[in-house]
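What follows is the residue order along each chain.
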Amino acid sequence: MESGLGLEATELRLGLPGAGGEGEGAKKRGYEETIDLKLQLQTPADVKELEEAADNMVKKTPSVKNVAQCGSIVEPEKPPASKAQVVGWPPVRSFRKSILSFHSDKGGSNMEDGEKSCNSMASFMKVSMDGAPYLRKVDLKMYKSYQELSMALQKMFGSFTNNGNCVSQGMSGKDFINESKVMNLLNRSEYVPTYEDKDGDWMLVGDVPWEMFVNSCKRLRIMKGSDAIGLAPRALEKCKNTS
Amino acid sequence: MAEGGDGEGEEEEERSCALGFGTGGDDGAGCSGSPAPAARMRSGSCGGKEQPPPFSEQVLENVLESVLEFLTCRRDRNAASLVCRSWYRAEAQTRREVFIGNCYAVSPGRTVARFRSARAMVLKGRPRFDDFNLVPPGWGARFSPWATAMTAAYPWFERVCLKRITVSDADLALLARSFPSFRDLTLICCDGFGTTGLAAVAELCRNLRVLDLIESDVEEEDEDEDEQVVDWISRFPETITCLESLSFECVNCPVNFAALEALVARSPSLRRLRVNEHVSVSQLRRLMERAPQLTHLGIGSFDSGSADAGAGDLDVTDMESSFAASKSLVCLSGFRVLDPTYLPAIFPACANLVSLNLSYAVFTAEQLKPVIVQCHNLQTFWVLDTIGDDGLRSVATNCKKLSELRVFPMDASEDSEGFVSDSGLVAISEGCPNLRSILYFCQRMTNAAVVTMSKNCPDLAVFRLCIMGRRRPDRLTSQPMDEGFGAIVMNCKKLTRLAISGLLTDRVFEYIANHGRSVRTLSVAFSGDSDLSLKHLFQGCPNLKKLEIRDSPFGDAGLLFGVCHFYNMRFLWMSSCMPSLRGCKEVARRLPHLVVEVIGDSPQDLHGDAVDKLYLYRSLAGPREDAPPFVKIL
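Residues numbered from 1 in each chain as written. Chains lettered and ligands numbered in written order. Predicted model: local features only at pLDDT ≥ 70, side-chain atom pairs only at ≥ 80, totals over all residues. Heavy atoms only, no water.

### Thoughts on the overall build of chain B
Argument step 1. Helices and strands together make up the secondary structure of chain B, namely 22 helices and 21 strands.
Argument step 2. Expressed as a percentage of its 634 residues, the buried residues of chain B come to 65%.
Argument step 3. For chain B, restricting intrachain contacts to residue pairs at least 6 apart in sequence, the fraction spanning at least 24 positions comes to 73%. (Helix = DSSP H or I, 4+ residues; strand = E, 2+ residues; numbered from the N terminus. Buried < 20%, exposed > 50% of the residue type's maximum accessible area, 1.4 Å probe, protein only. Contact = heavy atoms within 4.5 Å.)

Next up, the structure:
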């Protein structure tokens, strides 16, 4: 069921959460197991009532199934939520999250966990695309590589490009070392993803290692290939510096 | 403390649509049939097309108008407007403040046609889950059509308050140009505008009293990057101003401090000033000197690192003298950057403080204690969980008048350590019996603690508990959290707003349905077992107006239970649940005055039968025309 809702294996712990030392805490139960556990704790009468109610629901609409069977509702084209983190949970406004990571960065925090909390902060970036009537926000922390990001962007903006693949073509970081390859890419494809980094420079996505990109990216813009040609020399230079 | 989105003010405001939708307005008992909306439609649509009433009736109406002038409460006005046609007209003529809880529930034209004498408007747009990035950008809720209608109809308009609305610079300029009497502009969780719009307001609104930007996304540069940041503070008139409140905490770019200081100096009525983090502590000191009459102060940076180079190190005693001089301070907020060793500077103000917001600052219980020990009059307190249960105990010991408490997580993730727990909650309940509103983020909670709070704090109107780990059971008993929340709805008879979390079965919804007579707003996440939950809710809660659900196993069957209730509600939001397109279409078919929106992250999402995000709301305006391609209206 959880994969149908993108919930993944929810980590239910019966001991104190976060207390790695305790054996119970480290054990993680899947959702189905927990349901079984719960039903056992209720009286048989309760269980029967619940099951009857559930049956009635099932009769009314076939789509409401027993919890364990809900995997059939999975949308195959949805990108997998690769982490336990879910969008918008816990329900704290994003400006609160970013302020707290600001504290960690500054080292103004008195808590030992200050450093580690930085990594779990969501970082929502605006993504705009030339010619698209709306922009989007992506949480870069949801992805582990350029590949995953490119799939997500394709899904968001795919309807605006003739060749849906061109967005992902630009994303394999290693290929950028070769100048002629870069120029080929820009000439061939309609759209190229670019981003603005902390210094205010506009760069081609894929230049730098993924981690560095996540930390330095302020916002994304999917540009027309012809507009992005001016960025190529800078991109190559940064490549040479980092490689 | 106008700190933002989900304050208590919302509870008082929460009522059925201003235009008397549904059953006789506000006592919606059980299900409303369709006749009621139709009746509203008839009387509502008349506008200017009616025959003018006979003379005798006109006299009566004039008398009535004089009487109705005194009615300020929205709820009362809605009721009055339903008495008869004459009362409806009189009420419409005398309503000064119009509250629109959902900008798509009614068209601007219709609103303006009915309430011809309005001077103030409160307009709310996007659903609350937009704050957590669940509503894709570009979904809607634009101010432009409203601005156009209002500027055409209301030459003497004075006050506008917008929440979760997209306002453009052009809209702001239009307001500023068109309303010579304009005095109050409050933008909460809004976006779409930048410093250009602010400059227009500052420059053209000569009678501006309130400019409050709260948790809004103020753009720093234009899309085409030609426009730089505008120095909007300098655009205020050079003369003495009538400014009473200026809040710009959420503006990310620095403002011209010299201009700000001069503005404060020539604003003798200024009572509320909330600056952003770019205002250093020494600059703050100068502002406080200029405005010793301040009652509400929002502090930017409060650490030595931000002191101007020329000013040297500002020490705590210097700041303390500033706070001693500001004798009227009752509300402190901000502290966007805080050096905890500077906290003692606020000691002189503590005894008078009614409201204190430290929720952007990281510090420990030990650092809090010297401050909180003096805050005997504190009624509203917002803080980070880093103070721990120990810090909460200090609060409980010292703040006997505490009415609203919000404990935010420093690390808002499911795996974080979490510094507060059930014992902090119990301590608060024992120390603060007058508690009316609580928002509490934690990692560990027990049913017993929640039950204790329900008994110690019977006046609770808002109970929002967020156990950050999804579906986490009672820490001690491993039971679901049903009993705890059940006790809350049973014992807190005034409860109007509830947010539930932790491991929850259908039973908690049964409790809410049976005991939550006054519950108007309910937030559900990762809860319940089956559609039985929704059956309970829709058949049980007579006052349920706003229901937001995410990631819960509810589908078409549950949705259909709501058909008898949706006209009584402002909206239902369901995301990552299990409704299907077929089920949603069925709801739309049965309720013609309901707008049923299926929302995807991209247009492709809308092709399948599964519905990821569902947002439905009653509306007199019908399906909106500005829906983007990733929204399908059924």
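### Let's talk about the pattern of salt bridges
Argument step 1. Summed over all chains, the structure comprises 38 salt bridges over all chains.
Argument step 2. Across the pair R93 of chain A and E215 of chain B runs a salt bridge whose closest N-O atoms are separated by 2.1 Å. With R93 of chain A in the loop between α3 (44-60) and α4 (94-106) and E215 of chain B in the loop between β5 (210-214) and β6 (245-247), this pair bridges two chains.
Argument step 3. Judged by its relative accessible area of 16%, E215 of chain B is buried.
Argument step 4. A salt bridge links E261 of chain B to R290 of chain B; the nearest nitrogen and oxygen atoms lie 3.3 Å apart. Note that E261 of chain B is positioned in helix α10 (residues 257-265) and R290 of chain B in helix α11 (residues 281-290), a separation of 29 residues in sequence.
Argument step 5. Take R290 of chain B: its relative accessible area is 44%, and that puts it in the partly exposed class.
Argument step 6. A single network of salt bridges, built from pairs that share partners, joins R93 of chain A together with D131, R164 and E215 of chain B. (Salt bridge = Lys/Arg side-chain N within 4 Å of Asp/Glu carboxyl O.)

### Some points on a nonpolar patch on the surface
Argument step 1. There is a patch of nonpolar side chains on the surface, built from F55, V59, V63 and V67 of chain B and spanning about 390 Å² of accessible area.
Argument step 2. In this structure, V63 of chain B sits in helix α3 (residues 55-68). (Patch = residues over 30% accessible without salt bridge, like charges linked within 9 Å, V, L, I, M, F, W, Y side chains within 5 Å. Areas by Shrake-Rupley, 256 points an atom, 1.4 Å probe, with all protein chains shown as cover.)

### Structural notes on the confidence of the model for chain B
All names here are of chain B.
Argument step 1. Across chain B, pLDDT averages 88, with 89% of residues at or above 70.
Argument step 2. Under a pLDDT of 50 for its full length, residues 1-48 has, in the predicted model, 123 contacts with residues more than four places off or in other chains.
Argument step 3. Predicted as a complex, the structure gets a pTM of 0.79 and an ipTM equal to 0.82. (pLDDT = per-residue confidence, 0-100.)

### Re the sheet that holds strand β5 (residues 217-224) of chain A
Residue and element names in this part refer to chain A.
Argument step 1. Ordered by their spatial adjacency, five strands build an open sheet running β2-β1-β5-β3-β4, and the pairing between neighbours is mixed. A strand with exactly one partner marks an edge of an open sheet, and here the two such strands are β2 (136-139) and β4 (202-204). Geometrically, the sheet is characterised by an average inter-axis angle of 30° between neighbouring strands, direction not taken into account.
Argument step 2. Note that strand β1 (residues 124-129) and β2 share four bridges and pair antiparallel. Looking at the pairing, F124 lines up with D139 of β2. (Pairing = 2+ DSSP bridges. Axes fitted to C-alpha atoms, helices over the stretch in contact; angles between N-to-C directions.)

### A few points about the confidence of the model for chain A
Residues and elements named next belong to chain A.
Argument step 1. Residues with a pLDDT of 70 or more make up 34% of chain A, whose mean pLDDT is 58.
Argument step 2. Confidence, read as mean pLDDT per element, is least for helix α1 (residues 23-26) in chain A (37) and greatest for helix α9 (residues 210-216) (85).
Argument step 3. Below pLDDT 50 for its whole length, residues 1-9 participates in 26 contacts with residues either more than four positions away or in separate chains.
Argument step 4. With pLDDT under 50 throughout, residues 13-83 is counted as low confidence; its partners more than four residues away or in other chains account for 88 contacts.

### Quick look at the state of the cysteines
Argument step 1. By the definition in use, this model includes zero disulfides over all chains.
Argument step 2. Residue C399 of chain B stays outside any disulfide, its sulfur separated by 5.9 Å from that of C375 of chain B, the closest cysteine. (Disulfide = S-S within 2.5 Å.)

### So, the nonpolar core
Argument step 1. F143, W232, L260, F302, F323, F381 and F463 of chain B are the most contacted members of the largest nonpolar core, which has 179 residues in total.
Argument step 2. Once you skip the residues sitting within four places of it in the chain, F463 of chain B turns out to touch I438, V450, M453, F485, I488, L495, R497, L498 and A499 of chain B.
Argument step 3. Within the second largest apolar cluster, 25 residues are counted, among which are A132, L140, A152 and M156 of chain A. (Core = buried A, V, L, I, M, F, W, Y, C linked by side-chain atoms within 4.5 Å.)

### Observations concerning helix α12 (residues 316-325) of chain B
Residue and element names in this part refer to chain B.
Argument step 1. Of the residues making up α12, those classed as buried are M319, S322 and F323. Down the axis of α12, the smallest arc covering the buried residues is 95°, so these residues share one side.
Argument step 2. Elements that come into contact with the buried residues of α12 comprise α11, β8 (296-302), β9 (331-338) and α13 (347-350). (Arc of directions from axis to C-beta.)

### Focus: the packing of helix α19 (residues 506-515) of chain B against helix α20 (residues 532-540) of chain B
Residue and element names in this part refer to chain B.
Argument step 1. In contact at an axis separation of 8 Å, α19 and α20 are set at 5° when each is read in the N-to-C sense. On the basis of their axis angle, the class for α19 and α20 is roughly parallel. Of α20, the residues touching α19 (which contributes D506, F509, E510, I512 and A513) are L532, S533, H536, L537 and G540.
Argument step 2. Tallied by class, the residues present in the contact of α19 with α20 amount to five nonpolar, three polar and two charged. (Parallel < 35°, antiparallel > 145°, perpendicular 65-115°, else oblique. Nonpolar A, V, L, I, M, F, W, Y, C, P; charged D, E, K, R; others polar.)

### Describing unusual backbone geometry
Argument step 1. Along the chain, W89 of chain A connects to P90 of chain A via a cis peptide bond; the corresponding omega equals -5°.
Argument step 2. When you line up the elements, P90 of chain A lands in the loop between α3 and α4.
Argument step 3. At E215 of chain B, a position not held by glycine, the phi torsion is positive, near 50°.
Argument step 4. Phi is positive for R471 of chain B, close to 60°, though the residue is something other than glycine.
Argument step 5. Relative to the helices and strands, R471 of chain B resides in the loop between β14 (462-467) and α18 (482-491).

### Some details on the environment of L149 of chain A
Argument step 1. By the secondary structure assignment, L149 of chain A is in helix α6 (residues 146-157).
Argument step 2. Between the C-alpha atom of L149 of chain A and that of M223 of chain A, which follows or precedes it by 74 residues, the distance is 16 Å.

### What about the packing of aromatic side chains?
All names here are of chain B.
Argument step 1. Using the criterion set out here, one finds 24 aromatic pairs over all chains in the structure.
Argument step 2. A centroid spacing of 6.1 Å and a plane angle of 85° characterise the contact between F302 and F323, whose relative ring orientation is edge-to-face. One end of the pair, F302, is in strand β8; the other, F323, is in helix α12, and 21 residues separate them in sequence. By the burial criterion, F302 is buried, and F323 matches it.
Argument step 3. Judged by centre distance (5.3 Å) and plane angle (80°), the rings of F538 and F566 are edge-to-face. With F538 in helix α20 and F566 in the loop between α21 (556-561) and β18 (571-575), the pair connects residues that are 28 residues apart, well separated along the chain. In terms of burial, F538 and F566 fall into one category: buried.
Argument step 4. Through successive ring pairs, a cluster of aromatic residues spans Y104, F129, F132, W139, F571, W573, Y615 and Y617. (Phe/Tyr/Trp six-rings, centres within 6.5 Å; stacked < 30°, edge-to-face > 60°.)

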